[in-house]
Amino acid sequence: MKNRIKVLRAERDFSQADLADLVGVSRQTIVALEAGKYAPSLTLAFKIARVFACTVEDVFDPASVDAAP
Amino acid sequence: MASEKNPTVRAARRYVVELSIGMAAYVVVLIATRTVLAELAQPWLTVAALAPALPLLYVFAAMLRMLRGTDEFARMLLVESAAVAGGITALLAATYGFAEGPHLLPHPSAWVTWSTFMAVWIIAAFIIRARYR
């Protein structure tokens, strides 16, 4: 799933480790999220959005998710 | 650098400590029981023979605690690699079993299944982790 985590993180001058600490995950999880290779749970998506003071849709691109069959 | 407040980091550190304690206890119990095994009669022979499984039970509990305490991505990687390892081991065990039936292959030790599972789990974890980088 495409997302703006890397951009939003850079705007706030957060490192990957900073963001990992703020949402309570490992840095590897942030790496996988930024690469768009891992789609987070709703809980993690909301935590990330809250850290950036955005909505979930501002962080994650719903258009990049395949439509359910 | 991830901080001590990070629950995933705390879970990983606690697991390392618990795994170290469990494996140290396993080695001690294994050496102690194997030293006296030849001198024991039933029922203590059975007790001594099975005693090393107790620290392994503690290690298994530590793994489950780590699995629950770690983050969702790490949990997914662990579960996915364990599922692949379980499937491949089951497939190999069944295939071997078919060949073992008509005595084409010898009857192996149960340790072979465990070793196969662990070896495949390590390889599967490495490959699956690389896919998400």
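Residues numbered from 1 in each chain as written. Chains lettered and ligands numbered in written order. Predicted model: local features only at pLDDT ≥ 70, side-chain atom pairs only at ≥ 80, totals over all residues. Heavy atoms only, no water.

(A) Examining the side chain of Thr70(B) more closely. Its location among the elements puts Thr70(B) in the loop between α3 (53-69) and α4 (72-100). If we ignore the near neighbours within four places in the chain, the residues touching Thr70(B) are Thr8(B), Ala11(B) and Arg75(B). (Helix = DSSP H or I, 4+ residues; strand = E, 2+ residues; numbered from the N terminus. Contact = heavy atoms within 4.5 Å.)

(B) Spotlight on the domain arrangement of chain B. All names here are of chain B. On domain assignment, one finds that chain B holds domain 1 (1-70) and domain 2 (71-133). Taking only C-alpha atoms, the centre of domain 1 and the centre of domain 2 are 21 Å apart. Counting from both sides, the interface comprises eight residues of domain 1 and, opposite them, eight residues of domain 2. Here domain 1 packs against domain 2, burying approximately 530 Å² in sum over the two surfaces, 65% of which is carbon and sulfur. If you sort the residues of domain 1 by the area they bury against domain 2, Met63, Leu67 and Thr70 come out on top, with a joint share of 69%. Taken together, the links from domain 1 to domain 2 amount to zero salt bridges. There are four residue pairs in polar contact (both at pLDDT 80 or more) connecting domain 1 and domain 2. Elements represented by at least two residues in the side of domain 1 that touches domain 2 include exactly α1 (7-36) and α3. (Domains from an automatic or database assignment. Buried area = accessible area lost by both parts, 1.4 Å probe. Salt bridge = Lys/Arg side-chain N within 4 Å of Asp/Glu carboxyl O. Polar contact = N/O pair within 3.5 Å; in protein donor to acceptor, adjacent residues only side chain to side chain.)

(C) Geometry of the interface of chain B and chain A. Counting residues at the interface gives 13 residues for chain B, matched by 14 residues for chain A. Summed over both partners, the interface of chain B with chain A buries about 1100 Å², with 52% contributed by carbon and sulfur atoms. Sorting the residues of chain B by area buried against chain A places Glu72(B), Phe73(B) and Tyr132(B) first, and these three jointly supply 44% of that buried surface. At the boundary of chain B with chain A, the tally comes to zero salt bridges. For the pair chain B and chain A, the interface holds eight residue pairs in polar contact (both at pLDDT 80 or more). A total of three residues in the side of chain B that touches chain A trace back to one element, the largest contributor, which is α4(B). Across the side of chain B that touches chain A, the residue classes tally to six nonpolar, three polar and four charged. (Nonpolar A, V, L, I, M, F, W, Y, C, P; charged D, E, K, R; others polar.)

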